[in-house]
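The lines below spell out each chain.
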Amino acid sequence: MEDTESKTGVWLGEFTDPYYEFIDQGYQVTLASPLGGSPPVDPLSELTENITASNRRFKDDALAQGAFNNTQKLTGLNAEDFDALFYPGGHGPIWDLANSEASGQLILDFLDNGKPVGAVCHGPAALIAAADLRPGFLQGKVIAAFSNAEEVLTGRSGKVPYQLQDRLEALGANVKTALIPFTSHVERDGILLTGQNPLSAGPAAKALIEVLESLR
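Computed from a prediction, not measured in an experiment: that's the story for all the values here.

The rules behind the values
- In this convention, every chain numbers its residues from 1, walking through the sequence in written order.
- It should be noted that, the model being predicted, local features are given only for residues of pLDDT at least 70 and side-chain atom pairs only at 80 or more, the latter also being counted only at that level, while totals for whole chains, interfaces and linings use all residues.
- The side-chain numbers reported here are obtained from all heavy atoms of the structure, hydrogens and water having been left aside.
- Throughout, the protein atoms alone are placed on a 1 Å grid, and a set of points is a cavity if a 1.4 Å probe fits but cannot get out or a pocket if it is open with protein on both sides within 12 Å along at least five of seven lines; lining residues have an atom within 4 Å of a point.
- Grid points are joined across faces, edges and corners, and a volume is the space filled by probe spheres set on the points.
- Numbering of helices and strands starts at the N terminus; helices are DSSP runs of H or I of at least 4 residues and strands are runs of E of at least 2.
- Classes in brief: Ala, Val, Leu, Ile, Met, Phe, Trp, Tyr, Cys and Pro nonpolar; Asp, Glu, Lys and Arg charged; the others, Gly included, polar.
- The term salt bridge refers to a pairing of a side-chain nitrogen on Lys or Arg with a carboxyl oxygen on Asp or Glu at a separation within 4 Å.
- The cut-offs for exposure are 20% and 50% of the maximum accessible area for each residue type, with area from a 1.4 Å probe on protein chains only; residues under the lower value are buried, those over the upper are exposed, and the others partly exposed.
- Within this scheme, the nonpolar core is defined by two criteria: the residues are buried Ala, Val, Leu, Ile, Met, Phe, Trp, Tyr or Cys, and they are joined through side-chain atoms within 4.5 Å.

**Considerations on the layout of surface pockets**
Its boundaries defined by the atoms lining it, the largest pocket holds a volume of some 1,100 Å³. Lining the largest pocket are 43 residues, with T30, L31, A32, F86 and P88 sitting closest to its centre. If you list the elements that add at least two residues to the lining of the largest pocket, you get helix 1 (12-24), strand 1 (32-33), strand 3 (85-87), helix 4 (101-112) and helix 8 (201-215). Sort the elements by how many residues they give to the lining of the largest pocket and helix 1 lands first, with five residues. Among the residues forming the lining of the largest pocket, the class breakdown is 29 nonpolar, 10 polar and four charged.

In structure tokens, the structure reads:
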């Protein structure tokens, strides 16, 4: 992170909560990251106070851990091979996914083909890359994302290159947030599903599953 020794990456619960929502509904999940292999995990998400039931389940799930430690490269994925796309958060995406042309193109390909896209917390930073490829893409879109207030409350607002809410709003998005920070909040705009914070990860995945089921 900026001007600090702190590391970041994916927030573990924002991966495990949605992962098991999909798995428990019978979906096959392919894990991918910009570089492939084992993605960086935010150390804070592994602290006891941030551990969720799905975190504990993941720790005992050799199959899931194997997949997580051997993610595919985003550049090798094709929207035609999948039904939906989902981005967990953690601060990592505001650096890598926000600047990933491969990721941005995937988002556009999924949506253009009527396939839902979900993202939670800082995961909506991936939408920035899509907007870079298609100017105006975010104009008027109603989304949820980690709020400026939440960034301040985490004590990390000075350690990031930009505030995600501000950047998305500058690109024309209508960012809606919960009245109380860190409470679950999900927005749907057509087949784009977004959640605000870690508590929104499971609910955002459930919302995406509802859309998938409605499209069958």
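Past the structure itself, the notes keep going.
**Structural notes on the pattern of salt bridges**
Evaluation of the coordinates by the stated rule reveals six salt bridges. A salt bridge links R156 to D42; the shortest N-O distance between them is 2.8 Å. Placement of R156 in the loop between helix 6 (148-154) and helix 7 (164-170) and of D42 in the loop between strand 1 and helix 2 (53-59) is noted, with a sequence separation of 114 residues between them. Under the relative-accessibility criterion, D42 is labelled buried at 0%.

**Things to note about the environment of L106**
Mapped onto the elements, L106 comes out in helix 4. Taking relative accessible area as the criterion, L106 reaches 5% and is therefore assigned buried.

**Quick look at the nonpolar core**
Judged by nonpolar contacts, the single largest core of 33 residues is most densely connected at I107, F137 and L168. Elements with a minimum of two residues in this core: strand 3, helix 4, strand 4 (117-120), helix 5 (126-133) and helix 7. If you look at the next biggest cluster of nonpolar residues, it comprises 15 residues, including Y27, F86, C121 and I209.

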